[in-house]
Amino acid sequence: MNNEEEIRLVKVILESGFASRRKCEKAILSGRVRVNNQIILEPAYKVKKTDTVSLDRKIIERQSKRYIALYKPLGVVSTTKYLPGRRIITEFFKGVKERLFYAGRLDSESRGIMIITNDGEFANIITHPSYEILKVYDVVVNGKIDSEKLLEASKGITIKNINYSPFKFKILSKGRIQSKIRLTINEGKNREIRKIFEYLGYKVIDLERISVGCVSKYNESAGTLEAGHIRDLTEKEIEFFFNQKDKKLKEIENLFSSNNINNVDIENFESAEKENINNNEKKEKKTEIKKHNKSKWAKPRHKRTKTKKI
C-alpha cells in the first residue's frame, strides 16, 4: 500500500460530516475514535482504505466525494437537522446516497446558490475568509440608495462592535420606491448584508446570492439553475477552489522562505530597537513618582517643658 493511498485520521472524521476540524481532533484526543477496533489518540495517524474507522463505536462509511450546487428557494432553512414545520435543504438531495452538508449558510429569507458537499477540506476552502472566495449578491432595498453612504460603508464598517470587511458594489438601478445593488464580498458573517443596509437606513426587500467563487446560477452547459434544483460541479469548478488553497499555501511558503528572512534590514532593525529602548527609558523616568517627604511638611513638635516639683 502506497503512502498516497493513506489519509490522516482527522480527515476521515472530517469528511464524514461529523463536525469542524477542531471538534474532530477533540473527538480523537478524547478516545472516541477507533481504527480496526483500537483507540487511536493521534489526529495525524495514517489510515488505509482497508482500515475500519469508527466514532463512538459507529463505523464511518467511506464515501465518494460529491460537490453540488443548490439553488435554495425562499423560506428554506440552511440546515440538515429536522425542524418541525420548516423546510430544510435536505429535501432537495434525497436521492443522493452520500451524507452531505452545506459550505456556507444562506438565511431562510434569502435565496440563491449554496455549495453542498461531503468533503470537509473543500468546505473549509469556501467558508474560511483567508481563501478570499468571492460571493456575489443582488440586493433590492426600499427607497433611493445614497451612493455616498454606500461608498463609505464599502471601505469597511463597524456595527455593534462587529467589523465588516470592505466590499465592492455596483448600483444596477436607483428609484424613489426601490433600488437594486450588486455586492461582492469575501466573508459571510451572520446576516452581514442585511445588517449593513439596516445600519444605512434601508430595508432589504430581496436578497439573492447569484454566485460562490466560479459557481454561478448561470452555466453555459447546464443552463440556469432554477430554485429547488441541484447540479454537480464541473471538474473546472472543483479545480478552481483547490487552486485557491494551493495559491494560499504558496504565499505562506514564500513569506517564511529563507530568502525573505535573510532580506531583513539588520541596521534599520537595530536602530529601531535602540529607539524603542530609549523611548521606554524616557517613559519610565516620567512615570517615576517623587516620594512625599513627610518630615518636610510636618508641623514641628513643641518640646514639653518639665516642671520641677517644689
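All of these numbers come straight from a predicted model, not from anything done at the bench. (Residues numbered from 1 in each chain as written. Predicted model: local features only at pLDDT ≥ 70, side-chain atom pairs only at ≥ 80, totals over all residues. Heavy atoms only, no water.)

A few points about helix α2 (residues 21-29)
So, step 1. Within the sequence span of α2, burial applies to C24, A27 and I28. Along the axis of α2, the buried residues cluster in a sector spanning 100°; they form a single face. Residues of α2 that are exposed and point more than 90 degrees away from the buried face comprise R22, K23, K26 and L29.
So, step 2. Buried-residue contacts for α2 involve α1 (9-15), β2 (33-35) and β5 (53-55).
So, step 3. The positive-phi residue at the C-terminal boundary of α2 is G31, with phi of around 85°. (Buried < 20%, exposed > 50% of the residue type's maximum accessible area, 1.4 Å probe, protein only. Helix = DSSP H or I, 4+ residues; strand = E, 2+ residues; numbered from the N terminus. Arc of directions from axis to C-beta. Contact = heavy atoms within 4.5 Å.)

A short note on the sheet that holds strand β3 (residues 38-39)
So, step 1. Read from one edge to the other, the open sheet built from four strands follows the order β3-β2-β5-β6, with strand pairing classed as antiparallel. If you trace the sheet from one side to the other, it starts and ends with β3 and β6 (58-59), each paired once.
So, step 2. Pairing of β2 with β5, which is carried by three bridges, proceeds in the antiparallel orientation. The residue bridging V35 from the neighbouring strand is V53, located in β5. (Pairing = 2+ DSSP bridges.)

Considerations on the nonpolar core
So, step 1. In terms of nonpolar packing, the biggest core is built from 31 residues, with I116, V139, V141, I193 and F197 touching the most fellow members.
So, step 2. Secondary structure elements with two or more residues in this core: β7 (67-72), β11 (111-117), β12 (135-142), α4 (147-153), β13 (157-159), β16 (178-185), α5 (192-200) and β17 (204-212).
So, step 3. Residue contributions to this core peak at four residues, all from α5.
So, step 4. Not counting residues up to four positions away in its chain, the partners in contact with F197 are V139, V141, I145, L150, I181, L183, Y202 and V204.
So, step 5. Listed in part, the 19 residues of the second largest apolar core include Y71, F101, Y131 and L225. (Core = buried A, V, L, I, M, F, W, Y, C linked by side-chain atoms within 4.5 Å.)

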